[in-house]
Amino acid sequence: MVKRQVCKKRKFRLFAGRLVNPNSSQQNVLITVENDRIAEIGPMGNATLKPGDIDAREYTVVPGLIDIHIHGCVGETFLTECSPASRKFLASRGTTAFLPTTTTVEREAFLAGLKQLRECISQQRPQDGAQLLGIRCETPFLEPSLGAQKGDLCWPVNDENIRALLDATGEDLRILDVSPELEGVAALVTEAVERGVIVSAAHTRATVEQMIKAFQSGISHSTHIFNATERPPSKAGRGTLGVGSDEFSLTNDDITAEVIADSGGFHVSPYWLEILFRCKDKSKISLISDAVSIAGQQPGEYQRPDGNQTVLRAGEDVGWQVMKDETYLSGSALLLLDAMANLM
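Quick caveat: nothing in here was measured; it's all calculated off a predicted structure.

> Which parts of the structure should I look at to understand the overall build of the chain?
Regarding its fold elements, the chain presents 8 helices and 20 strands. Oriented by its inertia axes, the alpha-carbon framework of the chain measures out at about 70 × 45 × 45 Å. When burial is assessed residue by residue, the chain has 48% of its 344 residues classed as buried. Within the chain, contacts between residues separated by at least 24 positions form 66% of all contacts whose residues are at least 6 apart in sequence. Taken as a whole, the chain presents about 17,500 Å² of accessible surface, with 51% of it coming from carbon and sulfur. Within the chain, one finds 35 positive and 44 negative side-chain charges whose respective centroids are separated by 8 Å.

Next comes the structure, spelled out in structure tokens:
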């Protein structure tokens, strides 16, 4: 464990055996921190530890990670509870900021959950752990038949529901996920983009033609690419592949994509990961956890906010749901630091 000598000063130094930044890697680095900000990064040289310094000479130091798609952890679902305990847990595992992401629940509970999230954002303190950067609404405007959510809890896209969501999230909405093929979605995308919200294609079997229209409306992101998506049938019929949202996102340089890299390759095969990184520059790819409340929990069976059951198996970092004698992926128990290690 990294050892820190206790000191009340607001200035300290971190002795790093290795520092990895997005575009570089350095050995034996000295990082000086003043007033909670990095003031200087340089070679360690012959510097010696002083009271208050952090000794990480046997460790690799990386910047704090930002998870833009996470539903919960350690028994909490962020839509209903986002306590300092869960945020400190995330910070202790390398995630220093995140977008709490919604799940499907009854309408009244959903709107109440958005209210409590906004209160968490306005009242958060640095000492509470990982910081909330806003709200991500993966729900409720999704194709009901795709994904682990309960389809009857998804909302149709109409003026009343658009107003309800945008009013409930206000200025805290950062990312909105929608299924591009839903009727009325173009108006929702246009208004959200005008408010500065990133809109993402999610849980979809949209055709290329539908994706083009959605992109022209303002969609610029792809939600957990290769998951909860289906290709539409090929126009040429049997023996040929159809083209859908994933392929459109892969070949469009103006669309960013997020991906879940669990340890078993359950969400995304290593071969699809290879294709993704060959098609897109790394600056256009976001690594996410898509973690739900089972992250940080012991193996067992847990109830989701929508009433469905999720099973966490020993040695795995994904959840499973049994429906009609079939087993489906049901969220992840992945943490972002582990996802990063899975790619290295």
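> How should I be thinking about the environment of Ser220 in this particular structure?
Within the secondary structure, Ser220 is located in the loop between helix H5 (208-217) and strand S14 (221-222). Ser220 gets classed as partly exposed once you look at its relative accessible area, which sits at 26%. Along the sequence, Ser220 and Ala201 sit 19 residues apart, while their C-alpha atoms lie 7.9 Å from each other. Residues contacting Ser220, with those up to four places away along its chain left out, are Ile198, Val199, Asp254, Ile255 and Thr256.

> Can you help me understand the sheet that holds strand S9 (residues 95-100) in this one?
Sheets are built from strands that pair by backbone hydrogen bonding, the pairs being arranged parallel or antiparallel. Spatial ordering of the open sheet is given by S6-S9-S10, a layout of 3 strands whose pairing is parallel. Two strands bound the open sheet, and with one partner strand each, they are strand S6 (65-70) and strand S10 (131-132). Sheet topology note: the S6/S9 ladder contains 4 bridges and is parallel. Bridge pairing in S9 places Ile70 opposite Pro100. Packed onto the sheet, helix H8 (residues 336-343) meets S6 and S9 and runs at close to 105 degrees relative to S6.

The rules we used
- Residues numbered from 1 in each chain as written.
- Predicted model: local features only at pLDDT ≥ 70, side-chain atom pairs only at ≥ 80, totals over all residues.
- Heavy atoms only, no water.
- Helix = DSSP H or I, 4+ residues; strand = E, 2+ residues; numbered from the N terminus.
- Buried < 20%, exposed > 50% of the residue type's maximum accessible area, 1.4 Å probe, protein only.
- Contact = heavy atoms within 4.5 Å.
- Areas by Shrake-Rupley, 256 points an atom, 1.4 Å probe, with all protein chains shown as cover.
- Lys, Arg positive; Asp, Glu negative; His and termini not counted.
- Charge placed at Lys NZ, Arg CZ, Asp CG, Glu CD.
- Pairing = 2+ DSSP bridges.
- Axes fitted to C-alpha atoms, helices over the stretch in contact; angles between N-to-C directions.

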